[in-house]
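Listed below, chain by chain, are the residues.
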Amino acid sequence: MIAKVNYGLSKPTFKHIEAEIYKYKNTVEEIKKLRYNIIQSTPDENVGGGRSGIISNPTEMLATRLDTHKQLEYLEDIVYAIETVYNISPLHFRKLIKLRYWEHPDLNWDDLALEMHCSKKTAQRWRDKIVYNIAEHLGWR
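Residues numbered from 1 in each chain as written. Predicted model: local features only at pLDDT ≥ 70, side-chain atom pairs only at ≥ 80, totals over all residues. Heavy atoms only, no water.

1. Observations regarding the pattern of salt bridges
Thought 1: Overall, the coordinates contain 5 salt bridges when judged by the stated rule.
Thought 2: Put simply, Glu18 and Arg127 hold a salt bridge, and the shortest N to O gap is 3.9 Å. Of this pair, Glu18 sits in helix 1 (residues 11–22) while Arg127 is found in helix 7 (residues 120–138), placing the two residues 109 residues apart along the sequence.
Thought 3: One salt bridge connects Asp128 with Arg127, and the closest N-O pair in it is separated by 2.8 Å. The burial state of Asp128 is the same as that of Arg127; both residues are buried. (Salt bridge = Lys/Arg side-chain N within 4 Å of Asp/Glu carboxyl O. Helix = DSSP H or I, 4+ residues; strand = E, 2+ residues; numbered from the N terminus. Buried < 20%, exposed > 50% of the residue type's maximum accessible area, 1.4 Å probe, protein only.)

What follows is the structure, encoded as structure tokens:
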């Protein structure tokens, strides 16, 4: 029996990356909403008088808020990694990503392999490589 190659990723990390690929489109929308909310929010006014220690230029304040928002940064990193791997991958990897994660997530591996014109094991190896490449871009292990 041939051992499954996991590229050094833990099972929870592998599953987490797969979950992020599944919800990629939702994450893109969430980023848009988050950016909009950050842009629309107004910073606290300096009610107590004196110097506040905050940047007085509104454009710089906005850029700083966008740049230092941890959740936004996290989501953008994930989207960037998925998009990068997708864009540099061979066509059969892209097709697998589309079918497996975005268009037909309920498709079982046998039907997916039939659609991809390859064996089930080959499709799963491609999936493993895709997930590993995304993990590598994120610096996850």
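2. A few points about the packing of helix 5 (residues 91–103) against helix 6 (residues 109–116)
Thought 1: It is at 11 Å that the axes of helix 5 and helix 6 come closest, and there the two elements cross at 140°. The angle between helix 5 and helix 6 places the two elements in the oblique class. As helix 5 packs across helix 6, the resulting crossing turns out to be right-handed. On helix 6, the residues that touch His92, Lys95, Leu96, Leu99 and Arg100 of helix 5 are Trp109, Leu112, Glu115 and Met116. (Axes fitted to C-alpha atoms, helices over the stretch in contact; angles between N-to-C directions. Parallel < 35°, antiparallel > 145°, perpendicular 65-115°, else oblique. Left-handed = near helix turned anticlockwise from the far one by under 90°. Contact = heavy atoms within 4.5 Å.)

3. As for the nonpolar core
Thought 1: Ile21, Leu96, Trp102, Ile130 and Ile134 are the most contacted members of the largest nonpolar core, which has 33 residues in total.
Thought 2: Residue assignment for this core shows that the elements contributing at least two residues are helix 1, helix 2 (24–40), helix 4 (70–88), helix 5, helix 6 and helix 7.
Thought 3: A per-element tally of this core places helix 4 first, with 8 residues.
Thought 4: Contact partners of Leu96, with chain neighbours within four places excluded, come to Tyr101, Trp109, Leu112, Met116, Ala123, Trp126, Arg127 and Ile130. (Core = buried A, V, L, I, M, F, W, Y, C linked by side-chain atoms within 4.5 Å.)

4. As for the packing of aromatic side chains
Thought 1: As enumerated under the stated definition, the model contains 4 aromatic pairs in all.
Thought 2: We note Arg94 situated over the ring of Tyr86; from NZ or CZ to the ring centre the distance is 5.9 Å. (Phe/Tyr/Trp six-rings, centres within 6.5 Å; stacked < 30°, edge-to-face > 60°. Lys NZ or Arg CZ within 6 Å of the ring centre and 35° of its normal.)

5. As for helix 2
Thought 1: Helix length check: helix 2, at 17 residues, gives a terminal C-alpha distance of 24 Å against a target of 24 Å (1.5 Å per residue), a fit within 8%.
Thought 2: Buried within helix 2 are the following residues: Tyr24, Thr27, Ile31, Leu34 and Ile38. The arc that holds every buried residue of helix 2, seen down its axis, measures 70°, which confines them to one face. Opposite the packed face of helix 2, turned more than 90 degrees from it, sit the exposed residues Asn26, Lys32, Lys33 and Tyr36. (Expected span 1.5 Å × (residues − 1). Arc of directions from axis to C-beta.)

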